[in-house]
Amino acid sequence: MAKQEVLNDVLITKPHNYESLEDSIGRLILKPQLHKKAWWIFFLVGLAGTGMLGISITWLLYQGIGIWGNNVPVSWAFDIVNFVWWIGIGHAGTLISAILLLFKQQWRNSINRFAEAMTIFAVMCAGMYPLLHTGRPWNAYWLFPYPNILGMLPQFRSALEWDVFAVSTYFTISLVFWFMGLIPDFASMRDRSTNKFGKVAFALLSMGWRGSNQHWHRYEQANLLLAGLSTPLVLSVHTIVSYDFAISIVPGWNVTVFPPYFVAGAVFAGFAMVLNFLIPVRAFYGLKDLITMRHIDWMCKIMLATGLIVLYGYILEVFYAVYSANFYEYKLLMDRFQGPYAWSYWLLILCNGVIPQLMWSQKMRQNLIVVWGVSAVVGLGMWLERFVIIPVSLTNNYLPSSNKMYIPTFWDFAMFFGTMGFFLMLMMLFIRFLPAINVFEMKDLLHKVLNNDSKVEPNAERTPYGNAPKEALPTVEKEVAK
Amino acid sequence: MSHGYADDSPKSFGLVAEFDTPEKLISAAEKARQAGFKKLDAYSPFPIHGLSDAIGFRDVKVPYLVFAGGLVGAFVGYGLQFYAHVLDYPMNVGGKPLVSIPSMIPITFEMTILVAGLTAFFSMIALNGLPKPYHSIFNTPGFNRASQDRFFLAIESGDPQFDSDKTRQFLAEMAPLSVHEVEA
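Rules behind the numbers
Residues numbered from 1 in each chain as written. Chains lettered and ligands numbered in written order. Predicted model: local features only at pLDDT ≥ 70, side-chain atom pairs only at ≥ 80, totals over all residues. Heavy atoms only, no water. Helix = DSSP H or I, 4+ residues; strand = E, 2+ residues; numbered from the N terminus. Buried < 20%, exposed > 50% of the residue type's maximum accessible area, 1.4 Å probe, protein only. Contact = heavy atoms within 4.5 Å. Pairing = 2+ DSSP bridges. Core = buried A, V, L, I, M, F, W, Y, C linked by side-chain atoms within 4.5 Å. Domains from an automatic or database assignment. Buried area = accessible area lost by both parts, 1.4 Å probe. Salt bridge = Lys/Arg side-chain N within 4 Å of Asp/Glu carboxyl O. Nonpolar A, V, L, I, M, F, W, Y, C, P; charged D, E, K, R; others polar. Expected span 1.5 Å × (residues − 1). Bend = angle between axes of the 7 residues up to and from the residue. Polar contact = N/O pair within 3.5 Å; in protein donor to acceptor, adjacent residues only side chain to side chain.

Caption draft 1: Highlighting the environment of Phe109 of chain B. Tracing the backbone shows Phe109 of chain B in helix α4 (residues 101-127). With a relative accessible area of 28%, Phe109 of chain B lands in the partly exposed category. In sequence terms Phe109 of chain B and Gly129 of chain B are 20 residues apart; their C-alpha atoms lie 30 Å from each other. Non-local contacts of Phe109 of chain B, meaning those with residues more than four positions away in its chain, are made with Pro232, Leu233 and Ser236 of chain A.

Below you can see the structure in the form of structure tokens.
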């Protein structure tokens, strides 16, 4: 991986035709032998993590949330940190699938499916935490308004109730958007499968999609509308998550910059996670011609841009604490700088503020090891950011009686790493059983590239394989019957 | 495909021509429409811009339904909160007004998106007639490539101008890879 690959504006770097494109994506599903040892290792690690998650949830349900390190001033800790972190990771998927679609950024075609899958799995991980944090997850339906003999409805003026609606809407719409994009690809997998199980399974999933013009006509309308609806949705979700903090009176939480700062942080962490997954996957599965250095370069730039917004947020927090002349805000700020958790604050600045600046250099953006490392560091940094905001702010409050340290326990970590394993397992199953790259959108892109009417590569010369695909097509006898 | 009946003159679904590029499909569809065929459909592995115009297919039900869905979501979302906090169980929280609109916006907004988004998906599925376990077009030889790299144009037998031989002649003039008469 250390070898530097060429960076140019061609989005499909090998001569492809529709058939070869289909094959290079479809074979991940149809040829199990392609998934070598590495797949099994990652899958089993993920499975082990899922097992750990299962054990920690069982123990939690048996013992209650006392097994966590949460205490009385610090009643929101790892559970909420992880909730916010995971939900933020999901945001890159919606950004790629919806916002870049609206902006007609066709380079998204080869990464959107992957990122959307990440969104769904990340939201699944996120959703677990607040439910388990209630302590009685079997009563989770109390969060929803339903007719009951108590005559009680939830308190709709609470930011926590807004969260319920925001996160469940986000999950539902992401799932629907993802599944809708998968239908035509299921149809194409149905037609390619050679074994009976695959044929039946994909036929059921594709629901009889036949690629008719009427289908596509309505599909495109629905797709565009869903993109248009998801765009404000994704911005609203992390805005509402940030309201959980911003509308309270806790020092360190009550900051009006939170909504944009949280959204930018979410996209920042999300793109980092996309890069962390895509860099190994494209190398292992020979997808370097579809997920090119150009894609990585652009993703790094988005990461850098959102990282700078986040850095601005950190600076503004300091400014606010000083300029507001609010003693408790100032006290908290000093506590972040030099208190018992100062290491986490300075590590956060290093991870999110300093290290991502490497992405200014094109040379660094082309070195995949550096890119992977920076992405991993950003993932850690964004987790630390939520740690610094959530539990650390609670350890230093208005009253001296609220000054209490927070120390996570083994089960806090077990559950966090457990959700990571769960996420990894789901991603591995996704790569194995579902088309990891949107096949029909790639064909559409190829069609545009071949016709040179694409706005994708304004500076590129006509690609050398402009006429190649026609020759490469399998010859079919012209049988105009009778 | 036999269905176990003794009837040896199966009904025709129509004539299906196969092309190897989207451009040929568009021009064929254009010609068929100009020739006055009404019951036409084209099949392709990816959406092709201009194909709907070429075929003369236009349908705007999905956007209108989504708009209606959004309105329903907004009213339900707002109405639910208004009912709960103003009509059913008025509760004074910190002296704030009962109809505190800003606090009702997030849920109203989420409900709008939720209902509109679900409408977009389900109206697309329903109007396209999915799930559909059987469709005659799949009887076309080689139709499994319609989802891979081939482009098909079907003139259905229900068309008033449809004539097995003349229509076949008409399609053959467009230099397709093949033309097949497909059973219903």
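Caption draft 2: Fine view of the pairing of strand β2 (residues 40-43) of chain B. All names here are of chain B. Residues Leu40 and Ala42 line one face of β2 and the alternating positions Asp41 and Tyr43 line the opposite face, and both faces are buried. Here four bridges tie β2 to strand β3 (residues 151-156), and the two strands are oriented antiparallel to one another. Bridged to Ala42 within β3 is Leu153.

Caption draft 3: Representation of the nonpolar core in the model. Trp86, Phe423 and Phe430 of chain A together with Leu153 of chain B are the most contacted members of the largest nonpolar core, which has 191 residues in total. Looking at which domains feed residues into this core, each of domain 1 (12-58 + 135-183) and domain 2 (61-127) of chain B supplies at least three. Those residues in contact with Phe423 of chain A that lie beyond four places of it in its chain are Trp86, Met118, Phe121, Ala122, Cys125, Met273 and Phe277 of chain A. Tyr43, Ala146, Phe152 and Ala154 of chain B belong to the second-largest nonpolar core, a separate cluster that totals nine residues.

Caption draft 4: Region of the structure containing the interface of chain B and chain A. Counting from both sides, the interface comprises 71 residues of chain B and, opposite them, 65 residues of chain A. Between chain B and chain A, a total of about 6,100 Å² is buried, with carbon and sulfur atoms accounting for 64% of that surface. Looking at the side of chain B facing chain A, the largest losses of area belong to Pro47, Glu110 and Gln148 of chain B, adding up to 11% of the total buried there. Taken together, the connections running from chain B to chain A amount to one salt bridge. We note a salt bridge from Asp59 of chain B to Arg218 of chain A, for which the minimum N-O separation is 3.3 Å. If you list the elements that add at least two residues to the side of chain B that touches chain A, you get α1 (22-34), β2, α2 (51-55), α3 (61-88), α4, α5 (164-172) and β4 (178-183) of chain B. Counting residues per element, the side of chain B that touches chain A draws most heavily on α4 of chain B, at 16 residues. Taken together, the residues of the side of chain B that touches chain A break down into 44 nonpolar, 16 polar and 11 charged.

Caption draft 5: Local environment of helix α1 (residues 18-30) of chain A. All names here are of chain A. In this model α1 runs 17 Å from its N-terminal to its C-terminal C-alpha over 13 residues, within 8% of the 18 Å that 1.5 Å per residue would give. Maximal helix bending in α1 amounts to about 35 degrees, located at Ser24. Every buried residue of α1 is listed here: Tyr18, Leu21, Glu22, Ser24, Ile25, Gly26, Leu28 and Ile29.

Caption draft 6: Examining the side chain of Arg336 of chain A more closely. Residue and element names in this part refer to chain A. Inspection of the secondary structure puts Arg336 in helix α10 (residues 327-338). With relative accessibility at 5%, the residue Arg336 sits in the buried group. At 3.1 Å, the side chain of Arg336 forms a polar contact with the side chain of Ser393. Residues in contact with Arg336, not counting those within four places in the same chain, are Gly252, Glu317, Ala342, Tyr345, Val388, Ile389 and Ser393.

Interpretation in functional terms is not warranted from these geometric data alone.
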